[in-house]
Amino acid sequence: MFHGGGFVLDHAAMNHWDQINDCLERGWIVLSLAYRLCPGVNVLQGPMADARATLQWVQEGGLASALYAHRTLSQPNYNQGIARGTSSGGHLALSLVLPRPPLAVLDFYGAKECTDDFWHQPIEKVRSQLDQAPALDKPILGPLFQVKTTLRGGMSLEGQSAAPGDSPSASDAWRPFALRSIAEGRVLEKTRLRVSGIQTRLILVPGKHHTFVGQMKKESATWWRQRERFDFLQEVLDSAYYV
């Protein structure tokens, strides 16, 4: 599972816990990935590289070895991997074009046609609010570009409450920097997505907009509608056993 946050915010613990439990109840093994955040690394060399390295690690037996080392009876099937993500995490899930792609991808409102100018236009509502904040100069921003490891990316763009210790340690400027980058349309580099050999199905959730997963309530109408996406993954998994 890949969390959202525009590649600059959020962290692995902010993946939706009811979705995680739903997967566990189906007998699936769940990995919630803490990938490196920008701007200390760029999208290709940080989040995307970490996502691909994780899939490769699973496919080459790393997960199985880790489970065995912890005396866990569950053993993964290397060919049954599924990638799921929200927003920027959905983009990461769709980017997994290794020689052995995942069996399926579950993308919640991830960016897809990144060459479209839409992704590089400012969000005026957010920018107008940030324009009232003090400008961030180079001495303040400098430490942000030195963070090359994973961290807990503070506030959530999907509405979850931040837990103690979530604030990035590099600088108090992290959040305004992240929000301004998103508001001004400067997060996504123009990257062409390729999805190869992966079954797809479009399941819309009526009346819901970007980032709805973060505050979704279990047993609600939204919950049951989005759960059809996981049912689709179950179908793909079940059919794969007979190929």
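Fair warning: this is a prediction, and the values are worked out from it, not measured in the lab.

Novice: Please explain the pattern of salt bridges as it appears in this structure.
Specialist: Side-chain pairing between opposite charges can occur once the charged atoms of the two side chains come close. Evaluation of the coordinates by the stated rule reveals 6 salt bridges. With a shortest N-O distance of 3.4 Å, Asp-22 and Arg-26 are connected by a salt bridge. There is no split in this pair, since Asp-22 and Arg-26 are both buried. Here Arg-26 and Asp-231 are joined by a salt bridge, their closest N and O atoms 2.8 Å apart. Of this pair, Arg-26 sits in the loop between helix H1 (17-25) and helix H2 (44-59) while Asp-231 sits in helix H8 (residues 221-240), and the two are 205 residues apart along the sequence. The exposure class of Arg-26 is buried, given its relative accessible area of 18%. A relative accessible area of 30% places Asp-231 in the partly exposed class. Beyond isolated ion pairs, a larger network of salt bridges with shared partners links Asp-22, Arg-26, Arg-227 and Asp-231.

Novice: Sorry if this is basic, but what is going on with unusual backbone geometry here?
Specialist: In most cases, non-glycine residues show a negative phi, while peptide bonds are predominantly trans. Residue Pro-39 is bonded to the preceding Cys-38 through a cis peptide linkage, with omega at 10°. You can see Pro-39 is positioned in the loop between H1 and H2. The phi dihedral of Tyr-109 falls on the positive side, at around 45°, and the residue is not glycine. One non-glycine residue, Glu-219, lies in positive phi territory at about 80°.

Novice: Would you mind showing me how to read the pairing of strand S2 (residues 104-108) here?
Specialist: A regular strand places its side chains so that they alternate between the two faces of the sheet. Counted residue by residue, S2 has 5 buried out of 5 residues, so it is predominantly covered. Burial of S2 is two-sided: the residues Ala-104, Leu-106 and Phe-108 facing one way and the residues Val-105 and Asp-107 facing the other way are all buried. Of the strand pairs in this sheet, strand S1 (residues 82-86) and S2 are connected by 5 bridges, and their pairing is parallel. Within S2, the position partnered with Thr-86 by the bridge is Phe-108.

Novice: Which parts of the structure should I look at to understand the confidence of the model for the chain?
Specialist: Low-pLDDT stretches of the model should not have their predicted coordinates read in fine detail. Taken over all residues, the pLDDT of the chain has a mean of 76, while the share at 70 or more is 66%. Within the chain, the lowest mean pLDDT, 58, falls on helix H6 (residues 138-141), and the highest, 93, falls on H1. In the model, residues 167-171 has pLDDT below 50 throughout and makes 13 contacts with residues more than four positions away in sequence or in other chains.

Novice: Just to check I follow, could you spell out the packing of H1 against H8 for this structure?
Specialist: What describes two packed helices is the angle between their axes and the distance between those same axes. It is the contact of H1 with H8, at a shortest axis distance of 12 Å, that shows an interaxial angle of 45°. By the angle between their directions, the pair H1 and H8 is classed as oblique. Here H1 runs over H8; the crossing is right-handed. Contact residues: H1 offers Asp-18, Gln-19, Asp-22 and Cys-23, while H8 offers Trp-223, Gln-226, Arg-227 and Phe-230. Across the contact of H1 with H8, the residue classes tally to 3 nonpolar, 2 polar and 3 charged.

Novice: Just checking my understanding: could you explain H1 for this structure?
Specialist: Residues that lie three or four places apart on an α-helix share one face, since the helix turns once every 3.6 residues. Listed in full, the buried residues belonging to H1 are Gln-19, Ile-20, Asp-22 and Cys-23. Relative to the axis of H1, the buried residues are bounded by an arc of 160° and lie together on one face. Across from the buried face of H1, at angles greater than 90 degrees, the exposed residues are Trp-17 and Glu-25. Buried positions along H1 lie against S1, S2 and H8. Just downstream of H1, Gly-27 is the residue with a positive phi angle, here 90°.

Novice: Looking at this structure, I do not really get the packing of aromatic side chains. What am I missing?
Specialist: Tallied over the full model, the rule gives 4 aromatic pairs. Taking the centre distance of 6.4 Å and the plane angle of 70° together, the rings of Phe-108 and Tyr-109 count as edge-to-face. Here Phe-108 falls in the buried class, since its relative accessible area comes to 0%. Measuring from ring centre to ring centre gives 5.5 Å for Tyr-109 and Phe-212, while their planes differ by 65°; the resulting arrangement is edge-to-face. Within this pair, whereas Tyr-109 is found in the loop between S2 and helix H5 (124-130), its partner Phe-212 is found in the loop between helix H7 (174-183) and H8, the two being separated by 103 residues in sequence. An identical accessibility class is assigned to Tyr-109 and Phe-212; each is buried. One aromatic cluster is present, built from ring pairs that chain together Phe-108, Tyr-109, Phe-212 and Phe-230.

Calculation rules
Residues numbered from 1 in each chain as written. Predicted model: local features only at pLDDT ≥ 70, side-chain atom pairs only at ≥ 80, totals over all residues. Heavy atoms only, no water. Salt bridge = Lys/Arg side-chain N within 4 Å of Asp/Glu carboxyl O. Buried < 20%, exposed > 50% of the residue type's maximum accessible area, 1.4 Å probe, protein only. Helix = DSSP H or I, 4+ residues; strand = E, 2+ residues; numbered from the N terminus. Pairing = 2+ DSSP bridges. pLDDT = per-residue confidence, 0-100. Contact = heavy atoms within 4.5 Å. Axes fitted to C-alpha atoms, helices over the stretch in contact; angles between N-to-C directions. Parallel < 35°, antiparallel > 145°, perpendicular 65-115°, else oblique. Left-handed = near helix turned anticlockwise from the far one by under 90°. Nonpolar A, V, L, I, M, F, W, Y, C, P; charged D, E, K, R; others polar. Arc of directions from axis to C-beta. Phe/Tyr/Trp six-rings, centres within 6.5 Å; stacked < 30°, edge-to-face > 60°.

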